[in-house]
Amino acid sequence: MKLTIKLLSDSCTCSGETYNSMVDMDVVYDENGLPYIPAKRIKGCIREAALEMMEFGLIEREKYEKIFGKEGNHRSAFSLSNAYIENYDQIVATLKAYKDNELVCQQKVLNEYTSIRTQTAVDLETGVADENSLRTIRVVNKGLVFEADCEMNESAETVELLKQAVSLVKHIGVSRTRGLGLVEMRLTDCTKEAVKHVQISPSELSEKNRIGYKIHLKSALICKSAKGNQADTEDYIAGSKVLGMIAGQLGKEKYKELMSSGELVVSNAYISNGEERCLPGRISLQKKKDTVYENGILQTRDMMYVMEEPEPQKKNKKSEQMTPANIDYITKDGMVADVVTEISYHHQRPKDKSIGRATANNDSSFYQLASISVGQSFRGYIYADRKQAEILINAMEQIGNIRMGYGKNSEFGAIDFVLDELKAVTAEKQMIHDAMITLASDVILYNENGVLTTEIGVMKEYLERLLDVKDLEIINPFLQFTTIGGFNVTWNRRKPIFNAFGKGSTFLLHSETGFDAGLLSGEFLGERVTEGYGEILVEEPLKKAEVEIKKNSWEKVIEEDAKADRAGIMQLLLQSEFERRVQSEVRRKLNEKKSKYETRRKALNPAISKIRLIFKTELTYEAMLDQIKGIESEEKNGLCTELTALIVPEQIKVEITEKMEQDYHIKFNNSLNYEELYRHVYRAYITELKQFVRTLEKEDDTK
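Within each chain, residue numbers correspond to sequence positions counted from 1 in written order. Local features in this predicted model are restricted to residues whose pLDDT is 70 or higher, and side-chain atom pairs enter the listing and the counts only when it is 80 or higher, whereas totals over whole chains, interfaces and linings include all residues. Excluding hydrogens and water, the side-chain values take into account all heavy atoms of the structure.

Enquirer: Even after reading the chapter, I still don't get the overall build of the chain, so can you show me in this structure?
Expert: Secondary structure elements are defined from DSSP: runs of H or I of at least 4 residues count as helices, runs of E of at least 2 residues count as strands, and each element is numbered from the N terminus. Of the regular secondary structure elements, the chain holds 17 helices and 34 strands. Note on exposure labels: buried denotes an accessible area under 20% of the residue type's maximum, exposed denotes more than 50%, and partly exposed covers the range between, all computed with a 1.4 Å probe on protein chains only. For the chain, with 703 residues in total, the buried portion stands at 45%. Accessible surface, the chain as shown: approximately 37,800 Å² in total, 47% of it carbon and sulfur. We score Asp and Glu as negative and Lys and Arg as positive, and we do not count His or the chain ends. Charge positions are represented by NZ for Lys, CZ for Arg, CG for Asp and CD for Glu. Of the charged side chains in the chain, 97 are positive and 110 negative, and the gap between their average positions amounts to 3 Å. Shrake-Rupley sampling with a 1.4 Å probe provides the accessible areas, and residues are treated as covered by the protein chains on show and by no other component.

Set out below in structure tokens:
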């Protein structure tokens, strides 16, 4: 289903932020500058409308709670995405295609869809504005249409009730009682093309398989930290969340069958660079203090390979101060990747709906949510035997749209989940004496007494049992630790909180007798590996300590269709730029002739007044010239003729258009017709003439 929202008046879905001290109350907009309406706001308004229906006896409480859920484990029966403007995908594609163009700027795009209003508080006794009460508010322009996806798998009766509640919503956003936020909202049925979640064939399965999966975020995704703090989010998608999503899609019985045939391992999903999965950077990488990227390269050292120098050499050599390189994620060839996160602000209104705002009471609050930003892609692996893989593939082929994470019923968690890679897991014997081990995910270990521990000696014991060797030696360990916790929704209980080895920890592994590195391929170390813990990366030791880190230079190939600007956003930006340049061009031409008119001050003011009067009555430039010809005063006639000959609208249009096309390399189709062009140019010209006269009058007063 599709939810459509048409703004019948200007609206402000307040973001809780300010812009550059110029806007005290700003709207919600994305990284491109396109305004949108958060799903949580929409859902809250629909819920209020349904609550009124229940209070008037139009629907029963049971049906109300079935649709909107209630506190505890009873979830809402429908999920809702953010509402974006029509043709949003086309507009975004075009803006990204022209992202290097100076014309594309977040605030310039935002100005095409919004306006600035001012308001003040008035003293009721005196009728005068209170001192220091002037405020500015940005509003989304009326007439815009927003669309949101709505998913609901319920009976026709329940869907009809939801449609009725939607139709009752008449206002949204702030200042609803002051003329803002009047909307027309409706919910309609629509058919969408089915998403293909499986791109591998069951006929290619082996006895043990590594199935690659890709997660692309269609909306922001909340991955709460282990501490449960909603104002903080992880920068990766934990294997436990992916496993939970799979369990929800399979159902209880199918999930039992999936897990009964063997151990299913779901790795964490990390940010991808193109189609390549990145891995956590080693914490042993350090750089010289204040070192920055030069030509896209950052020079670092892996301190595991930096040998300690003798004391006499230390004294004679100037020491270099080293600091952590702080590489979050990196590809195999040394290219870094960063995860973009964001914070959104929300509020819960009081149960007493007569109070039209959030308060500081217990049943009302302001809060913020941290999330991974929309548009990013993550990759991971699922290790499964043949039977498990078949169950997984069959289930994924039949599901529709997928949501995961916290707040997935409104605003957050809409994803594209695709199984797109398949590789047989085979153990190839590779005898070596030395290896570099990096923890690609957090590792949970128990000691011999069954107690959770972060002792490096226990790590060695796990590896010795896995490799069946007795003389392993861990050299130069660089370790970091993390807190593991969580919440079990089924049991409605918190999981135990404890410390574990953190991802990015690294060390060198040595054995005099040698060990088979093939035994570590596709293996996970420690406990709770089904949830993505314990992934390790085995590599050959580096030949030198110096490591070059490269900036992320991968970019999507820009399609020609995106540059075609079918939604017209670039023409809108060009039109606004043209209208801004008119003022500058008029001012420039007038400044060139100012010295000529300064000697005719007495005649200048009457001439400008006459031009202003004619401008108010005549609709074209030619009609203005005809009126000027009829002026009887020869001096006034001549001066008016000179002033109007200086600024010719069509000439201004040609000059500015040529300069803009030269600057931005885009053909500009001016939307102003002949009369509109004249009105716009001469409105700017008369403003400049008035300012010119005021300046001359001030000069005369000071003499």
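Enquirer: Any chance you could explain a positive patch on the surface here in plain terms?
Expert: Taken together, the side chains of Arg612, Lys616, Arg694 and Lys698 define a basic patch exposed on the protein surface. Judged by its relative accessible area of 63%, Lys616 is exposed. Here, patches come from residues exposed beyond 30% relative accessible area and free of salt bridges, joined within 9 Å for like charges and within 5 Å for nonpolar side chains (Val, Leu, Ile, Met, Phe, Trp, Tyr). In the sections that follow, a salt bridge refers to a side-chain nitrogen of Lys or Arg positioned within 4 Å of a carboxyl oxygen of Asp or Glu.

Enquirer: Teacher, can you tell me more about the nonpolar core here?
Expert: Buried together is how nonpolar side chains tend to be arranged in soluble globular proteins. Ranked by size, the top nonpolar core spans 102 residues in total, and within it Ile5, Ile42, Leu162 and Leu643 carry the most contacts. Discounting residues that sit within four places of it in the chain, Ile5 has contacts with Ile37, Ile42, Ala83, Leu144, Val145, Phe146, Val183, Glu184 and Met185. In terms of nonpolar packing, the next biggest core, distinct from the first, is built from 45 residues, Leu221, Leu264, Ile382 and Met404 among them. Buried Ala, Val, Leu, Ile, Met, Phe, Trp, Tyr and Cys residues that are joined via side-chain atoms within 4.5 Å together make up what is termed a nonpolar core. In what follows, residue pairs with any heavy atoms lying within 4.5 Å of each other are defined as contacts.

Enquirer: I'm lost on the sheet that holds strand S18 (residues 336–337) in this one. Help?
Expert: What links the strands of a sheet is backbone hydrogen bonding, and the strands pair in either a parallel or an antiparallel sense. What makes two strands pair is DSSP finding at least two bridges between them. Pairing in this open sheet of three strands is antiparallel, and the strands run S13-S17-S18 from one edge to the other. The sheet terminates laterally at strand S13 (279–280) and S18, the two strands that pair on one side only. Sheet topology note: the S13/strand S17 (residues 329–330) ladder contains two bridges and is antiparallel. Note that in S17 the partner of Pro280 across the bridge is Tyr329.

Enquirer: What exactly am I supposed to notice about the environment of Leu243 here?
Expert: As for its position among the elements, Leu243 is in helix H6 (residues 239–250). Sequence-wise, Leu243 and Ser15 are 228 residues apart; in three dimensions their C-alpha atoms are separated by 33 Å. Setting aside residues no more than four positions away along its own chain, Leu243 makes contact with Tyr255, Leu264, Val266 and Thr530.

Enquirer: Would you take a moment to explain the sheet that holds strand S16 (residues 322–324) for this structure?
Expert: In spatial order, the strands read S16-S14-S15-S34; together these four strands make up an open sheet with antiparallel pairing. Two strands close off the open sheet at either side, each with one partner strand: S16 and strand S34 (546–550). On average, each strand axis in the sheet is tilted by 45 degrees relative to the strand beside it, whichever way the strands run. Note: strand S14 (residues 285–288) against S16, three bridges, orientation antiparallel. By the bridge assignment, Gln286 is partnered in S16 with Pro324. Note on geometry: axes are lines fitted to C-alpha atoms, helical ones only across the stretch in contact, with angles between N-to-C directions running from 0 to 180 degrees.

Enquirer: Looking at this structure, I do not really get the packing of aromatic side chains. What am I missing?
Expert: How two aromatic rings sit relative to each other is given by the distance of their centres and the angle of their planes. For Phe, Tyr and Trp, where Trp contributes only its six-membered ring, two rings pair if their centres lie within 6.5 Å, and the inter-plane angle classes them as stacked under 30 degrees, edge-to-face over 60, or tilted in between. For the structure on display, the rule yields 14 aromatic pairs. Consider the rings of Tyr621 and Tyr682, whose centres lie 5.9 Å apart with planes at 40 degrees: the pair is tilted. In this pair, Tyr621 sits in helix H14 (residues 621–629) while Tyr682 sits in helix H17 (residues 674–702), placing the two residues 61 residues apart along the sequence. Taking relative accessible area as the criterion, Tyr621 reaches 8% and is therefore assigned buried. The exposure class assigned to Tyr682 is buried, which follows from its relative accessible area of 0%. By way of ring pairs, the aromatic residues Phe615, Tyr621, Tyr678, Tyr682 and Tyr685 are connected into one cluster. Each ring is checked for a lysine NZ or an arginine CZ that lies within 6 Å of its centre and within 35 degrees of its normal; such an atom marks a charge sitting over the ring. Lying across the ring of Tyr462, Arg465 places its NZ or CZ 4.8 Å from the centre. Lying across the ring of Phe615, Arg679 places its NZ or CZ 3.9 Å from the centre.

Enquirer: Whenever I open this one, the packing of H6 against helix H7 (residues 252–260) confuses me. Can you help?
Expert: Helix packing for two helices is described by the angle between their axes and how far apart those axes are. Contact geometry for H6 and H7: axes closest at 6 Å, N-to-C directions at 125 degrees. Between H6 and H7, the angle falls in the class oblique. Taking contact as the criterion, the partners of Leu243, Ile246, Ala247 and Leu250 in H6 are, on H7, Lys252, Lys254, Tyr255 and Leu258. When residue character is reported, Ala, Val, Leu, Ile, Met, Phe, Trp, Tyr, Cys and Pro are called nonpolar, Asp, Glu, Lys and Arg charged, and the others, Gly included, polar. Here the contact of H6 with H7 is built from residues that sort into six nonpolar, no polar and two charged. Should an angle fall under 35 degrees it is taken as roughly parallel, and over 145 as roughly antiparallel, whereas 65 to 115 is taken as roughly perpendicular and any remaining angle as oblique.

Enquirer: It is not clear to me how the pattern of salt bridges should be interpreted in this structure. Could you clarify?
Expert: Oppositely charged side chains are able to pair whenever their charged atoms sit close together. This structure, assessed with the given rule, holds 29 salt bridges. Residues Arg588 and Glu592 are paired through a salt bridge, measuring 2.6 Å at the closest nitrogen-oxygen approach. On the criterion of helical spacing, the pair formed by Arg588 and Glu592 is a turn pair, its members being four residues apart in helix H12 (residues 569–598). Under the relative-accessibility criterion, Arg588 is labelled partly exposed at 37%.

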